[in-house]
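# Chains, contacts and geometry: an overview
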Amino acid sequence: MGRVMAEDVFEGIVAAHHAEIRRYLLRITARPSDADDLSQETFLRGFRAYSSLPPDANVRAWLFAIATNLSRNHFRSRKRQRLAYAVVAAETPVADGNWPDREALLGEARARAERIIAGLPVKQRLAFTMRKMHDLDYDAIGASLSCSPESARAHVFQAVKKIRRGLDDGLPVETESTR
Amino acid sequence: MTMPHPVCREIEPDLLAVAAREAGAAASERVERHVAACRPCRGELERYRAIEGLVSGIKGAPLPGDDATLARAELESRLADLRSRIVGFGIYSSPVGPILIARSELGVSMVRYLEGRVSPVSPQVRRVLGEDAVEDRAATESLHRELLEYLDGRRTHLDWPLDLRRVRSAFQRRVLEATARLPYGAVTSYSGIARQIGAPTAMRPVAQALRRNPLPIAIPCHRVIGNSGALVGYAGKKVGLKQRLLAIEGVRFGAAHGELRVDREAMYVCPPEEVEYCLPTCGSISSRPLAEVRLFGSRQRAEAAGLSPCTTCRPDLHPLN
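Residues numbered from 1 in each chain as written. Chains lettered and ligands numbered in written order. Predicted model: local features only at pLDDT ≥ 70, side-chain atom pairs only at ≥ 80, totals over all residues.

### Observations concerning the overall build of chain B
- Secondary structure summary: chain B contains 11 helices and 12 strands in total.
- Burial status across chain B gives 35% buried among its 321 residues.
- Intrachain contacts of chain B at a sequence separation of at least 6 include 59% that bridge at least 24 residues. (Helix = DSSP H or I, 4+ residues; strand = E, 2+ residues; numbered from the N terminus. Buried ≥ 20, exposed ≤ 12 C-beta atoms within 10 Å, placed from the backbone. Contact = placed C-beta atoms within 7 Å.)

Here it is in structure tokens:
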């Protein structure tokens, strides 16, 4: 059967990308059950549309675009957005009262950064996560978010600036003044 | 932190790019020149670099719930299910007009006579096959070739795996399965099929079930005729096509009461439970209704179906003309 070939190829695509796409969705939704559902939906849609994909298409970027669209629909409900934020906020480690060493400060800064990321506007968060956690280029991020690569980059920079502002005093930075 | 100087505000995107190691040569140089002279921005660059370090720490840290094993297994099973439903089809010309052949992973799922020129994307095709169907001539071409050989009389068997999942009714399934067992070149009546499936009075339901045969030719409903020998009906109003298919298989016809009928007097006869075939005049066989026998147009067809000549009437010694 002619399609058998295409199906085998798709099996390879699942093997190569499913874990990463689910991880991306887990970072975005913060809930394993949502990541399960959305990653499954991503690949089922991919399977249906795969035959019309140009042969030289970047399959990984294409899957990220499907997953991103599904996440944006998912977060049209504000409640889900709050829920995802709450999950991250709840995981913030509590300082144990000892003299804060650099490791502890770093851990706390990391947790605070994660909380700030979870609270970002959806587009910024998606762009930031694709760029910083999954190393997608701005062309692919722009395609996922239906915007230009420049706008995609601006979303990521906005996110970084917000983390910068949010961490103003909590970040153990080795600057000239502390050296 | 606010950056008081407009030059500092302007350099900020470059600063971010340098910290993220994304800056081009020109931007890097701009930043280098600026921070050499501007202490607050030097501090900013360090902070952004620290944030990049923090972010890559987050990226590398284990993520709670990051186990895709179960999700992957579920996805695989959904895909397998979806795959088995996907239908690949082709539309071909044939001596009996344009014909659609569709198959799934499990087997051939549809053969359909089409009217006129039909495009693969026409609403008619979508309605018949559903949205998930894809044109796939590579998957159906060999079927088409075999069908042409069959219509040409060069092939007596279509050994196709069949996908009957679209047939929801258990009754219709039984009718189709009994019909599929009718050998090449044999005919019986609707009542004959009804008897075989253990529902001897269900002649009309059998006719209805065959009218909705999704796989004409592959399931040879053209070999099922009326009790009188009249052809009755086929694929809507294509009785002429039914006659043509039967003629290919060597079935004999005559006219009675101004109507075309299968000529029982010119055919060999075999009750379904027997292993011998007879002349139409053998013993009491001529008085048995068509529902209780199968007819063959030639000895060759009867013998190809595994039957041997009757030792009483000896059709081998006295063949029909």
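### Some remarks on helix α7 (residues 138–145) of chain A
Residues and elements named next belong to chain A.
- Across the 8 residues of α7, 7 count as buried, placing the element largely inside the fold.
- The complete set of buried residues in α7 reads Tyr138, Ala140, Ile141, Gly142, Ala143, Ser144 and Leu145.
- Against the buried residues of α7 lie α3 (59–74), α6 (122–133) and α8 (149–166).
- One or two steps after α7, the chain reaches Ser146, where phi turns positive at roughly 50°.

### Here we look at the sheet that holds strand β2 (residues 99–103) of chain B
Residue and element names in this part refer to chain B.
- Across the sheet, 4 strands lie side by side as β3-β2-β1-β4; this open sheet has mixed pairing. Sheet topology places β3 (108–113) and β4 (134–135) at the edges, where each strand pairs with a single neighbour.
- Where strand β1 (residues 88–92) lies against β2, 5 bridges are found, and the strand directions are antiparallel. Note on β2: the bridge partner recorded for Phe89 is Ala102.
- Sitting on the sheet, helix α6 (residues 137–151) touches β1, β2, β3 and β4, and the angle it makes with β1 is about 55°. (Pairing = 2+ DSSP bridges. Axes fitted to C-alpha atoms, helices over the stretch in contact; angles between N-to-C directions.)

### Comments concerning the pairing of strand β7 (residues 253–256) of chain B
- As defined by bridge partners, β7 of chain B adjoins strand β8 (residues 259–262) of chain B across 4 bridges and the pair is classed as antiparallel. Bridge pairing in β8 of chain B places Ala255 of chain B opposite Leu260 of chain B.

### Side note on the packing of α6 of chain A against α7 of chain A
Residues and elements named next belong to chain A.
- Interaxial distance between α6 and α7 falls to 10 Å at its minimum, and their mutual angle equals 150°. Note on packing geometry: the crossing formed by α6 with α7 is right-handed. Residues Lys123, Leu126, Ala127, Met130 and Arg131 of α6 touch α7, and the partners they reach there are Ile141, Ser144 and Leu145. (Left-handed = near helix turned anticlockwise from the far one by under 90°.)

### Here's the deal with the sheet that holds strand β5 (residues 186–189) of chain B
- Pairing in this open sheet of 4 strands is mixed, and the strands run β6-β5-β11-β9 (chain B) from one edge to the other. If you trace the sheet from one side to the other, it starts and ends with β6 (224–225) and β9 (268–270) of chain B, each paired once.

### Quick look at the interface of chain A and chain B
- Taken together, the contact between chain A and chain B spans 34 residues of the former and 33 residues of the latter.
- When contributions to the side of chain A that touches chain B are tallied by element, the ones reaching two or more residues are α1 (2–29), α2 (32–49), α5 (102–118), α6 and α8 of chain A.
- When residues of the side of chain A that touches chain B are assigned to their parent elements, the largest contribution, 10 residues, is made by α1 of chain A.
- The residue inventory of the side of chain A that touches chain B, partitioned by class, reads 16 nonpolar, 6 polar and 12 charged. (Nonpolar A, V, L, I, M, F, W, Y, C, P; charged D, E, K, R; others polar.)

### A short note on the confidence of the model for chain A
Residues and elements named next belong to chain A.
- Mean pLDDT over chain A: 83, with 80% of residues reaching 70 or higher.
- Between residues 1–6, whose pLDDT stays under 50, and residues either more than four places distant or in other chains, the model counts 12 contacts.
- For residues 173–179, every residue scores under 50 in pLDDT, and the model assigns this stretch 7 contacts once sequence neighbours within four places are set aside. (pLDDT = per-residue confidence, 0-100.)

### Considerations on the nonpolar core
- Among the nonpolar cores identified, the biggest contains 60 residues, and Val206, Tyr268, Cys270, Tyr277 and Leu295 of chain B are the most heavily contacted of them.
- Of the residues that make up this core, three or more belong to each of domain 2 (80–166) and domain 3 (167–321) of chain B.
- Among all residues touching Leu295 of chain B, those that are not within four sequence positions of it are Ala186, Val187, Val262, Arg264, Met267, Tyr268 and Val269 of chain B.
- Judged by nonpolar contacts, the second largest core, of 49 residues, contains Phe64, Ala118 and Leu126 of chain A together with Leu15 of chain B. (Core = buried A, V, L, I, M, F, W, Y, C linked by C-beta atoms within 7 Å. Domains from an automatic or database assignment.)

### Section: the environment of Cys282 of chain B
All names here are of chain B.
- Its place among the elements puts Cys282 in the loop between β10 (276–277) and β11 (294–296).
- For Cys282, a count of 17 C-beta atoms within 10 Å puts it in the partly exposed group.
- For the pair formed by Cys282 and Arg314, sequence separation is 32 residues and the distance between their alpha carbons is 9.1 Å.
- Leave out the neighbours within four places in its chain, and Cys282 touches Cys310, Thr312 and Cys313.

### Focus on the environment of Ala255 of chain B
Residues and elements named next belong to chain B.
- Mapped onto the elements of the fold, Ala255 is located in strand β7.
- What makes Ala255 exposed here is the crowd of 9 C-beta atoms within 10 Å.
- Contact partners of Ala255, with chain neighbours within four places excluded, come to Leu260 and Arg261.

### Thoughts on unusual backbone geometry
Residue and element names in this part refer to chain A.
- Backbone geometry at Asp135 places phi at a positive 60°, although glycine is not the residue there.
- You can see Asp135 is positioned in the loop between α6 and α7.
- Using a count of 9 C-beta atoms within 10 Å as the deciding quantity, one classes Asp135 as exposed.
- Residue Ser146 is not a glycine yet carries a positive backbone phi of 50°.
- By the element assignment, Ser146 lies in the loop between α7 and α8.

### A short note on the confidence of the model for chain B
- Across chain B, the average pLDDT comes to 91, with 99% of residues at or above 70.
- Both scores are given for the predicted complex: the pTM is 0.66, the ipTM 0.83.

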